[in-house]
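Observations on the model geometry
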Amino acid sequence: TTTGLIIFFQSGRPLGAGVRLGMGLRMNRTKGDEEEYWNSSKFKAFTFDDEDDELSQLKESKRAVNSLRDFVDDDDDDDLERVSWSGEPVGSISWSIKETAGNSGSSHEGREQLKSRNSFSSYAQLPKPTSTYSLSSFFRGRTRPGSFQSLSDALSDTPAKSYAPELGRPKGEYRDYSNDWSPSDTVRRLRKGKVCSLERFRSLQDKLQLLEEAVSMHDGNVITAVLIFLKRTLSKEILFRELEVRQVALRHLIHFLKEIGDQKLLLDLFRFLDRTEELALSHYREHLNIQDPDKRKEFLKTCIGLPFSAEDSAHIQDHYTLLERQIIIEANDRHLESAGQTEIFRKHPRKASILNMPLVTTLFYSCFYHYTEAEGTFSSPVNLKKTFKIPDKQYVLTALAARAKLRAWNDVDALFTTKNWLGYTKKRAPIGFHRVVEILHKNNAPVQILQEYVNLVEDVDTKLNLATKFKCHDVVIDTCRDLKDRQQLLAYRSKVDKGSAEEEKIDALLSSSQIRWKN
């Protein structure tokens, strides 16, 4: 049994002290083993010539300290007093002051003196480190709640450092951050899609030079990017004045303002350039953003007096008149539909409102729901035709589509029937009867109706093609008979049903001796 105080000395100076009071350290080794343990060491002093790196030495020291646990009894360490390297009790006020003051400089001074070779006497020249670890914590290898961190824990938390040299960046990369690009270099970088700041161009001369470089590059994206910068950093008067003599950049700015919908700045630009017609058209385009019909009508009324061309002024007037008619028709039809007393609205309920619809759609709506109304009403198709000067072809085509959809065949027939000055009736179609046949077939017209209008087609080849396509057998048979084309009639015989009336009619014509066939 050995009881006592263990103190380490080097070169006559105490390097450290571990005080163990009122306790005994029992060891099972012989006296020779103890002397061999204290006189030998497997640690070497640090030198810069060692092949092992710092991390491996720290790990080896950690293993060595942990091996000391075999010599210490963990159960009787609670009564120990912790003493720092300076001899002050750990946790005292004086220790805390010295600890705080010494932390900043101890690390650097210790590293400078570690450059000496691994002799035992070199340790005496080291300064006293201000450690936050107690000797008992070193030997125990663990900490109690509220105590300091153990050496083993500190070593395990030490991250691996990378000692690879940091490569410097190319000098060209620093120019992105120093903003020393010339206008031509900046434009070239913008064209390549690289990010570069335009804020360094502060004077008007630099900004205009940047714009000229962008225009000379013939890249619309770069020109637009520079124009956005100028729009943000220049006043309107200066920007408009400079762009007035640069038409390419001016066209790009006008297109950009139209795309983003900046109508206010666009109107100011047209007013500065004295482009009255474009100014009026830009103002008229704002009606698209107005959803309320009454407010849109009032806005269109203000556009009538703007300096449009003669043709455009007529369109603006028609637009205003059409919207005015649509508001009246919509209010009246909504009332009739809700009352449920009108047959057309009961059989064919409306699917959408007529407001803000084009003129052709309004005409189709009027032909569908108000075809028989008198000319004096706003919803009459004839009234719309005369008011807006709708051509005959457009009117007939629209009315035919509307009445055929309702399968009103009498109205279709009356649409093409005209009287001459002698009172004779004749069918005439401004759009051509071949188009009439196609529209009627699209609306599932009966075969008798189709055959009537196929016969009105003047061109024989077109008539045969339409009759064959829509299976108007009588028209094909009669046309072949009139042409005296026996071979074509024989070929068509195979296309009709066997035993049908059409087959019997063909057989009767082929066996007739009164027809002189060409082939």
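Data block above holds the structure.
What this report covers is the structure whose coordinates are included nearby. Keep in mind it's a predicted model, so treat the numbers as computed, not measured. (Residues numbered from 1 in each chain as written. Predicted model: local features only at pLDDT ≥ 70, side-chain atom pairs only at ≥ 80, totals over all residues. Heavy atoms only, no water.)

Let us now look at the overall build of the chain. When its secondary structure is counted, the chain shows 26 helices and four strands. Per-residue burial for the chain yields a buried fraction of 32% across its 519 residues. Across the chain, every contact between residues at least 6 apart in sequence was considered, and the portion connecting residues at least 24 apart equals 51%. Carbon together with sulfur atoms contributes 51% to the accessible area of the chain, which is approximately 33500 Å² in total. (Helix = DSSP H or I, 4+ residues; strand = E, 2+ residues; numbered from the N terminus. Buried < 20%, exposed > 50% of the residue type's maximum accessible area, 1.4 Å probe, protein only. Contact = heavy atoms within 4.5 Å. Areas by Shrake-Rupley, 256 points an atom, 1.4 Å probe, with all protein chains shown as cover.)

Here the focus is the packing of aromatic side chains. Applying the stated criterion to the full structure yields nine aromatic pairs. An angle of 25° between the planes, with centres 6.2 Å apart, marks the rings of F364 and F368 as stacked. Residue F364 and its partner F368 are both found in helix α17 (residues 359–369); the two are separated by four residues, about one turn of the helix. Classification of F368 as buried rests on a relative accessible area of 9%. The structure contains a cluster of three or more aromatic residues connected by ring pairs, namely F345, F364, Y365, F368 and Y369. (Phe/Tyr/Trp six-rings, centres within 6.5 Å; stacked < 30°, edge-to-face > 60°.)

Examined against the element boundaries, K297 turns out to sit in helix α14 (residues 293–303). E298 provides the closest opposite charge to the buried, salt-bridge-free K297, at an N-O distance of 4.2 Å. Apart from the residues lying within four places of it in its own chain, the contact partners of K297 are Y320, L323, E324 and I327. (Lys, Arg positive; Asp, Glu negative; His and termini not counted. Salt bridge = Lys/Arg side-chain N within 4 Å of Asp/Glu carboxyl O.)

Moving on: the environment of L273. Note that L273 resides in helix α12 (residues 263–273). With 29 residues separating them in the primary sequence, L273 and E244 have C-alpha atoms 7.4 Å apart. Once you skip the residues sitting within four places of it in the chain, L273 turns out to touch E244 and L250.

Along the chain, the position of N383 falls in helix α18 (residues 381–387). Among the polar contacts listed, one links the side chain of N383 to the backbone oxygen of T377, at a separation of 3.0 Å. Ignoring anything within four residues of it in the chain, the contact list for N383 reads R325, E375, G376, T377 and F378. (Polar contact = N/O pair within 3.5 Å; in protein donor to acceptor, adjacent residues only side chain to side chain.)

Generally speaking, nonpolar side chains in soluble globular proteins are found buried as a group. Membership of the largest hydrophobic core comes to 55 residues, with the highest contact counts inside it found for L400, F416, V436, L440, Y453 and L489. When residues of this core are assigned to domains, at least three map to each of domain 2 (407–468) and domain 3 (472–518). If sequence neighbours within four positions are ignored, L400 has contacts with V412, L415, F416, I431, V436, I439 and L440. One finds F201, F229, L269 and L273 within the second-largest nonpolar core, a separate group that totals 28 residues. (Core = buried A, V, L, I, M, F, W, Y, C linked by side-chain atoms within 4.5 Å. Domains from an automatic or database assignment.)

On to the packing of helix α24 (residues 473–483) against helix α26 (residues 501–510). Between α24 and α26, the least distance of the axes is 11 Å, while the angle of their chain directions is 5°. Put simply, α24 runs roughly parallel to α26. Here H473, D474, I477, D478 and R481 of α24 lie close against α26, whose contacting residues are E502, K505, I506 and L509. Among the residues forming the contact of α24 with α26, the class breakdown is three nonpolar, one polar and five charged. (Axes fitted to C-alpha atoms, helices over the stretch in contact; angles between N-to-C directions. Parallel < 35°, antiparallel > 145°, perpendicular 65-115°, else oblique. Nonpolar A, V, L, I, M, F, W, Y, C, P; charged D, E, K, R; others polar.)

In short, shape yes, function no, at least from these values alone.
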